[in-house]
Amino acid sequence: MLKQIICDKFVQKEIILDDGLNAVVGDDIASNSIGKSTLLMIIDFLFGGEDYIKKNHDAIDHLGHHEFKFLFEFADEKLYFIRTTNEYKFIAVCNDRYEIQKRIKVEEYTNLLQEKYKCRLEDLTFRNIVGRYFRIYGKENLNERKPIQYFEKEAAANSIIVLLKLFDKFKIIKEFEEQIEKLTDERAILIEAAKKDLIPRVTKTIFNKNEKRIVELNQQLEALKTEIISASADIEALISKEVLSLRKEKSTLITKVNVLKNRLIRTQTNLKNKNINIQPELKQLLNYFPSFNVEQVEKVDSFHESITKILKEELLWAEKEVKAEILEIEKQILILDDTINSKLTIQNAPKFAIDKIIELAAQINQLGDENGYFTKKENLDDSIKSATENLDILKEKVLDEMCSQINIKMHEINKQIYIDGRRAPTLNIHGNKYTFNTYGDTGTGTAFANLVTFDLALLDLTCLPAIAHDLPLLKNIENLALENIVDIYSKSRKQVFIAIDKLSSYSKDTAQLIESCKVLQLSKDKLLFTKNWKQDNQTNA
Amino acid sequence: MILPNKLIGFQDSIIAKMIYILDAVSLEDQSISSLYNKVKNNFEDINQYILALDVLFTLEKVEFNEKAQVITYVKTDNL
């Protein structure tokens, strides 16, 4: 809780605040420009806001840079800080004598407050919680028809999300949305990959065609498998028999060619007609066979020479013939070799079948993959569709729950504000749009009272730590209603900061109540700051 | 191949083949070429025919008349 504000530019240097209602009170003549809104803006500044710098810079223009010493108290813990208009992005953490210990960034500071106020919510900053419900003149959240709008251009969808976050109901939706986002991303990647031909583009028609083809290919594959088993056995038996007979044939031919080659050698020897000197052997022979006709034997050579000379033509012819025959047979042997080899390569038949099987399997795989992408995309589409539907249902349910919670609470509060039983305002959210009004009542005062009712409901239902209601909100509300509102404010355990004046126009009880909650009284003669730049002749304290 | 043995049968030996030459030359003298033409069907090839003539010459069963260029049969008294 904000407990103390000290500023040496203030007329009243120190302002002490308390739990519940804290009223900045103006005078009975409703004097303007005395600092009521400015103080509320300063409170917002001390809660981490920047509007005091941006929207109230006239204060700095005229006063020069100044600083605020302030104290937050949580349970038994007291936290002393200084924030200057000069270095407003930083906060000085102090000891109890406001001696600076260290400087921290505003974000760190608001995180600290969020921690201490125990309003840590998923994805929702402290400013986004508090800032929205500090409704101070100059800020853009005073639209009585748009209670959840933070600034004028904020889209209703975003305001709704923040409200959901404040009710801590966004987490479950976010999980859903993240899931959808993930699925959508996945689908986008798949589509993109198909576009870039990284994966095949498959339509429903192609998918069906592929499915049919896969069945066909599988049948072929099965047929081939059985064929291979029976065929391989048959082929082996057949081949060995045939090859055997061919080999037999070949070996006959080889024998034949050998004979012919021998004959060729003999023929060529005869053609050369060489004399063989057999004299020594013949002489030795005579030793054992004295009657042996050596002369006759010696004549054989010359006889042989004579007849071979005569038969030269025939010998040449025979040589030619034998050579031709040898060639022919060798040719046949080569043919046989080829035949045998080709018969043996029939053994590659299973290899061929295996190649075919691999090809078929690859085709089946490829088609399966293609269809896999299609199926995946279909599944993604389905998942996204159902998740989106579920999200819509969930969102509606969550929003309905939240609205009904708020509406019930507003109804309760409204009963306290309008004891004559007037209708309570209702918040209705449909998708990304919402309405906030009282059925059948379009009065300005009612509209502002509704806004107050709404904030009070949130103050009660959520961890929202404090609210601030500036005079423009309150002054339009009829007295009786406002008196009841003040009563409700005063009963709040959380801090409520209001700016109010003309206390004499309210009932004695209400005036007294406000008086008791008054943290600062301002008037034409007692301004917030020591300097008045709204008038030509400036007053210095 | 001149004499029959366990690899060469009598019919294929030169001894047996010589008969065809002797049958031809015993009737009349034969020129070497015409004799060859008459008997070549009985011989494996011309080399075998030459060998048969060589053997017959060695055994003095035929003679070669160089002048007439013919083979003549040598008649022997079998008595």
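Residues numbered from 1 in each chain as written. Chains lettered and ligands numbered in written order. Predicted model: local features only at pLDDT ≥ 70, side-chain atom pairs only at ≥ 80, totals over all residues. Heavy atoms only, no water.

As annotated in an unreviewed UniProt entry, chain A is DUF2326 domain-containing protein from Sporomusa sphaeroides DSM 2875.

Visitor: Please clarify how the sheet that holds strand β3 (residues 70-73) of chain B should be interpreted in this entry.
Guide: The strands that make up a sheet pair up through hydrogen bonds in the backbone, lying either parallel or antiparallel. All names here are of chain B. Read from one edge of the open sheet, three strands run β1-β3-β2, paired in antiparallel fashion. Either end of the sheet is taken by a strand with one partner, and the two such strands are β1 (30-31) and β2 (62-65). As defined by bridge partners, β2 adjoins β3 across four bridges and the pair is classed as antiparallel. Paired with phenylalanine 64 across the two strands is isoleucine 71, which belongs to β3. On the sheet, helix α1 (residues 14-25) packs against β1, β2 and β3 and is oriented at approximately 90° with respect to β3. Across the sheet, helix α3 (residues 46-58) lies against β2 and β3, angled at about 105° from β2, the strand it touches most. (Pairing = 2+ DSSP bridges. Helix = DSSP H or I, 4+ residues; strand = E, 2+ residues; numbered from the N terminus. Contact = heavy atoms within 4.5 Å. Axes fitted to C-alpha atoms, helices over the stretch in contact; angles between N-to-C directions.)

Visitor: Before we go on, may I ask you to explain the confidence of the model for chain B in this structure?
Guide: Where the model shows low pLDDT, its predicted coordinates should not be examined in detail. Per-residue pLDDT for chain B has a mean of 86; in total, 94% of the residues score no lower than 70. Predicted complex, confidence summary: ipTM 0.88, pTM 0.62. (pLDDT = per-residue confidence, 0-100.)

Visitor: Is there a simple way to think about the sheet that holds strand β12 (residues 495-500) of chain A in this case?
Guide: Residues and elements named next belong to chain A. Strand order across the open sheet formed by five strands is β8-β11-β12-β3-β13, with parallel pairing between neighbours. What marks the edges here is a single partner per strand, and that holds for β8 (134-135) and β13 (518-521). Two elements, strand β11 (residues 466-469) and β12, share four bridges in a ladder whose sense is parallel. Looking at β12, one finds that isoleucine 467 is bridged to valine 496. Seen against the sheet, helix α1 (residues 36-46) touches β3 (21-25), β8, β11, β12 and β13 and runs at an angle of roughly 160° to β12. Taken strand by strand, helix α13 (residues 444-461) contacts β8, β11 and β12, and its axis lies near 165° from that of β11.

Visitor: What is the right way to look at unusual backbone geometry in this model?
Guide: Of all residues except glycine, most have a negative phi; of all peptide bonds, most are trans. Positive phi values are uncommon outside glycine, yet lysine 502 of chain A reaches one of about 45°. For lysine 502 of chain A, the location among the structural elements is in the loop between β12 and α16 (508-517). Accessibility expressed as a relative area gives 39% for lysine 502 of chain A, which makes it partly exposed. Here the phi dihedral of glutamine 69 of chain B falls at roughly 60°; this positive angle occurs in a residue that is not glycine. Among the secondary structure elements, glutamine 69 of chain B is positioned in the loop between β2 and β3. (Buried < 20%, exposed > 50% of the residue type's maximum accessible area, 1.4 Å probe, protein only.)

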